[in-house]
Amino acid sequence: MSRALKIILIVVLFFLYLPIILLIAGSFNTGTDLAVFKEFTFSNYVALFRDRTLIPLLLNSLIVAVLSSVIATALGTAAALGIRSFGKRFRSAVMTVTNIPMTNPDIVTGVSLSLLFVLGGKLFDRSNVLGFTTLLLAHITFNLPYTILSVMPRVTNMDPSLREAAMDLGCTPVQAFFKVVIHEILPGIVSGLLIAFTMSLDDFVISYFVYGPSFATLPIEIYSYTKKPLPPKIYALFTLLFAMLLAVLIVMNIVSGRADKRPRCSNITQLVFRRKDVEKT
Amino acid sequence: MRVRGLASPYLAWMSIFIILPLCAVVYYAFTDSVTGEFTLRNIVSIGNYWPILIKSIWLALVSSLICLILGYPVALAIARAKQSRQRFLILLVMLPMSMSFLLRTIAWVSLLEDTGIINNILGKFGISPLPLIRNNGAVVLGMVYNYLPYMILPVYTVLSHIDPSLIEAAKDLGCNRTQVFLKVILPLSVSGIISGVSMVFVPAVSTFYISKKLGGSGTTMIGDVIESQFKTAYNPNLGAAISLVLMVMVFICIGLMERFSGSEEREALM
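Residues numbered from 1 in each chain as written. Chains lettered and ligands numbered in written order. Predicted model: local features only at pLDDT ≥ 70, side-chain atom pairs only at ≥ 80, totals over all residues. Heavy atoms only, no water.

Trainee: Looking at this model, I keep getting lost on the overall build of chain B. Mind explaining?
Mentor: Scanning chain B from terminus to terminus reveals 14 helices and zero strands. In chain B, the succession of helices and strands from N to C terminus is α-α-α-α-α-α-α-α-α-α-α-α-α-α. On the principal axes, the C-alpha backbone points of chain B span a range of 75 × 75 × 35 Å. Going through the 270 residues of chain B one by one, you find that 49% of them count as buried. Within chain B, residue pairs in contact and separated by at least 24 positions form 70% of the contacts whose partners lie at least 6 positions apart. (Helix = DSSP H or I, 4+ residues; strand = E, 2+ residues; numbered from the N terminus. Buried < 20%, exposed > 50% of the residue type's maximum accessible area, 1.4 Å probe, protein only. Contact = heavy atoms within 4.5 Å.)

Dropping the structure here:
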């Protein structure tokens, strides 16, 4: 790596992390202004644990993120498996539509879903349809393309003879699916689930147009503070979430680093190949 | 097993929650807010917002360009780092993306405002406060900050897949480092650049939070107009019409870019 590139890398990383450092500093500050550091304190964390508004909102965000990512992953995995067996033209039409929520600006996706819900509400004569259900439906919708696209390459690269071999060996189609197919596409399913979960947890723009006053999430609450200064306990919450995410990433990095080194016995293709090696010797 | 049938729940979902909402946008865009009858008035009155639309496109283009200038060397630096370090650096670039973009934008306000951190530091050197916020520059900075990872990731993906023997071949044939970059690396990374530019441009052109926090009265973006039609002015029909125009515009841009870069490469990226 040449020196100039290295310097740009470091400067850009500093640029990306500067606001995060400020927010973390703000969580230990006695004042409410991020720009002025008065005195060091833990009181914001104490206030956070005594708090009765932020924690429930965080739980709301988590409920929506868990439900929407699990449902989207299940629907998306099934879809990825089914779409492969479509004819070429129909498949490309389906994939074009699937790409719409990804290429469309978030605000347009949010607006279009809110209009759909309002129209649907008119149809069933209900004036305030917006709430938990609409929020969940919207989150599943914008998560789906990511789960499909992350499972799809695994399905494409899967050797169809593996499933056939399992069935020749006496598996029913359902058993073959759970014992062989799922194994093959599992990495795609897991990464799709993780992408969907993080996207859903942090989404503001789409949620903003489809949430109802009965059920809000944390980003919506933060947005509502646009005019007034934020209570510093939000910075404490941010710091805790950041620390947790950092810990998860470090653990994942170590675990996957180890997994790369040792042979993975669970992988059926590798087992098949290894047996061939044994036969050769 | 009827594998084909596995996709039917998704096909139903797709029709209801992707296709129908777009129909709803078209329906609202062409109907009157009071009578519900067909009208072209919403589409015609977009004319009033033409300067705002042009300005949004301009600011988004400028931020895409800055993201490219900053992001390309970063992607190159990561792609040239040791294999074991590349993963870590990519995680480092992605990590800020998963933290609340609202709070990170608020942190920029405290850096840039008249009594903010940068002006405080400048003040210590006897420099009077600079107008760092409530202008186009601050909005562009906010966009670059928020969307820079979207540029770095696709460019890195393409760069890390370039066969090193191609670079060696170019060197063997007498290219110097600049020539290797201009004749081999840059042309091979065009698809990553295009994908990065569109991934920055689309959220940047439609943003409303960044312009609200970092911009002033003169930096209203098209996203702000849409948001206000739904949340304060309550004219969803006009909001739908502007959304429709924005969507068509984005699809034309993406279509042009894809034609320019060749769609196969784009598919390979995803």
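Trainee: Mind showing me how you'd approach the overall build of chain A here?
Mentor: The helix and strand inventory of chain A stands at 12 helices and zero strands. Each helix (α) and strand (β) of chain A, taken in turn from the N terminus, gives the series α-α-α-α-α-α-α-α-α-α-α-α. Whereas a compact globule of 281 residues would reach a radius of gyration of roughly 19 Å, chain A reaches 24 Å, over 25% beyond that. Referenced to the eigenvectors of the C-alpha coordinate spread, the extents of chain A come out at roughly 75 × 60 × 40 Å. Buried positions account for 46% of the 281 residues belonging to chain A. Within chain A, counting contacts between residues at least 6 apart in sequence, those at least 24 apart form 72% of the total. When the accessible area of chain A is evaluated, it comes to approximately 14600 Å², of which 67% is carbon and sulfur surface. Taken together, the 25 basic and 15 acidic charged side chains of chain A have centroids lying 3 Å from each other. (Rg over C-alpha atoms; globule rule 2.2 N^0.38 Å. Areas by Shrake-Rupley, 256 points an atom, 1.4 Å probe, with all protein chains shown as cover. Lys, Arg positive; Asp, Glu negative; His and termini not counted. Charge placed at Lys NZ, Arg CZ, Asp CG, Glu CD.)

Trainee: Where do I start with the confidence of the model for chain B in this structure?
Mentor: Should the pLDDT be low somewhere, the predicted coordinates at that spot are not to be read in detail. Residue and element names in this part refer to chain B. This prediction gives chain B a mean pLDDT of 89; 96% of its residues lie at or above 70. Under a pLDDT of 50 for its full length, residues 263-270 has, in the predicted model, 14 contacts with residues more than four places off or in other chains. Confidence metrics for the complex model read pTM 0.88 and ipTM 0.89. (pLDDT = per-residue confidence, 0-100.)

Trainee: Help me understand the side chain of Asp203(A) in this model?
Mentor: Within the secondary structure, Asp203(A) is located in the loop between α8 (173-202) and α9 (205-210). Although buried, Asp203(A) forms no salt bridge, and the nearest oppositely charged side chain, Lys231(B), lies 11 Å from it. At a separation of 2.6 Å, a polar atom in the side chain of Asp203(A) contacts the side chain of Ser207(A). Asp203(A) has contacts with His139(A), Phe142(A) and Pro219(A), leaving out every residue within four places of it along the chain. (Salt bridge = Lys/Arg side-chain N within 4 Å of Asp/Glu carboxyl O. Polar contact = N/O pair within 3.5 Å; in protein donor to acceptor, adjacent residues only side chain to side chain.)

Trainee: Sorry if this is basic, but what is going on with the interface of chain A and chain B here?
Mentor: Much of the literature gives interface size as the accessible area that the parts lose upon coming together. In this assembly, 78 residues from chain A lie in contact with 83 residues from chain B. When the area that chain A buries against chain B is broken down by residue, the three leading residues are Phe15(A), Leu16(A) and Leu115(A), summing to 8%. In this assembly, chain A and chain B are joined by zero salt bridges. Summed over the shared surface of chain A and chain B, the number is nine residue pairs in polar contact (both at pLDDT 80 or more). The element that contributes the greatest number of residues to the side of chain A that touches chain B is helix α1 (residues 3-27) of chain A, accounting for 13 residues. In terms of residue class, the side of chain A that touches chain B is made up of 61 nonpolar, 13 polar and four charged. (Buried area = accessible area lost by both parts, 1.4 Å probe. Nonpolar A, V, L, I, M, F, W, Y, C, P; charged D, E, K, R; others polar.)

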